[in-house]
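Working through the structure, step by step
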Amino acid sequence: MVEKQQIADFQNQGVVVLRGVFKDWLTTLNRGADDNINRPSARAITHQSDSHKGRFFEDFCNWQNIAEYQEFIEQSPMAEIAAQLMQSQQVQFFHDHYLDKEACSGVATPWHQDMPYYFVEGMQNVSFWIPLDAREKQFSLKSVAGSHLWPKLVMPTKWANNAKFYPDSSEFMNMPDIDSGDYDIRSWAIEPGDVVAFNFRTVHGANANTIDTKSRTISFRLIGDDARYIARPGKTSPDFPTINQNNGERLREDWFPVIYG
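First, a word on what this report is: a plain description of the structure on this page.

About the thresholds
Residues numbered from 1 in each chain as written. Predicted model: local features only at pLDDT ≥ 70, side-chain atom pairs only at ≥ 80, totals over all residues. Heavy atoms only, no water. Pairing = 2+ DSSP bridges. Helix = DSSP H or I, 4+ residues; strand = E, 2+ residues; numbered from the N terminus. Axes fitted to C-alpha atoms, helices over the stretch in contact; angles between N-to-C directions. Parallel < 35°, antiparallel > 145°, perpendicular 65-115°, else oblique. Contact = heavy atoms within 4.5 Å. Nonpolar A, V, L, I, M, F, W, Y, C, P; charged D, E, K, R; others polar. Buried < 20%, exposed > 50% of the residue type's maximum accessible area, 1.4 Å probe, protein only.

Moving on: the sheet that holds strand 13 (residues 204-206). With antiparallel pairing, the four strands of this open sheet are ordered in space as 5-13-8-11. A single partner strand is all that each edge strand has here, and the edge strands are strand 5 (109-112) and strand 11 (185-187). Each neighbouring strand pair of the sheet contributes to a mean axis angle of 25°, computed without reference to strand direction. As paired elements, strand 8 (residues 141-144) and strand 13 share three bridges and run antiparallel to each other. Following the sheet pairing, S143 is matched in strand 13 by H204.

Right, here's the structure in full:
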């Protein structure tokens, strides 16, 4: 299902594109996205640019309320692909994330790592970035190859104002100037059914949607054998305030089910 070179690229570069692997699931995913827009959760966030008319909507953790998301998680080949990429015996589901950039929304996704926002540590993890609309390379996901191997995590920020997400802490580094030309940035033109798979530690972002076409993406986050709970120095995103776990524990399976292995 996944070629050896693709597994090696994921392990060494922290990001890989897989072509057409979810093309048979597009009708299901589109129905789920429509339901997500029509019935947003209390966690939904809408970003708006002062100079553009369209909105940037995102929502989290809806898989138990949206039947199509749950069907995809449980029946698609995603979990098996994740196990191969992560080189993991088991796969646990972490959470879903829907992103909807309207035409001419004009709001960029800033450079960031996902892991600092999460209460998870470990190297066996993967985020599946699944576009529901074709994307030119200019407006597709951008990832910094090899950044998942940096010795420290980058301080996460609040996208609305770039403020630090947590109090100052020596456990995080500042984001370097990714656009300086010193980094290997990977990006691909993308079609519905393709997926970009990347490590939670991989630095990534996306340019603002400034053209007159919509841009919808569903992401599913999965974790493997070495993933463990870690308390962060503040509220995480997404937040599970009553998780009641200790550092070093595997995530509780009643909330984060094992879907492979």
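At a closest axis distance of 8 Å, the pairing of helix 1 (residues 4-13) and helix 4 (residues 78-86) adopts a crossing angle of 65°. The pairing of helix 1 with helix 4 is recorded here as roughly perpendicular in orientation. Side by side, helix 1 and helix 4 meet where Q6, I7, F10 and Q11 of the first sit next to Q84, L85 and M86 of the second. Here the contact of helix 1 with helix 4 is built from residues that sort into four nonpolar, three polar and no charged.

Looking at where T157 falls in the secondary structure, it is placed in the loop between strand 9 (153-154) and strand 10 (172-173). Given a relative accessible area of 17%, T157 falls into the buried group. If we skip the residues at most four places from it in the chain, T157 touches Y117, N162, A163, K164 and F165.

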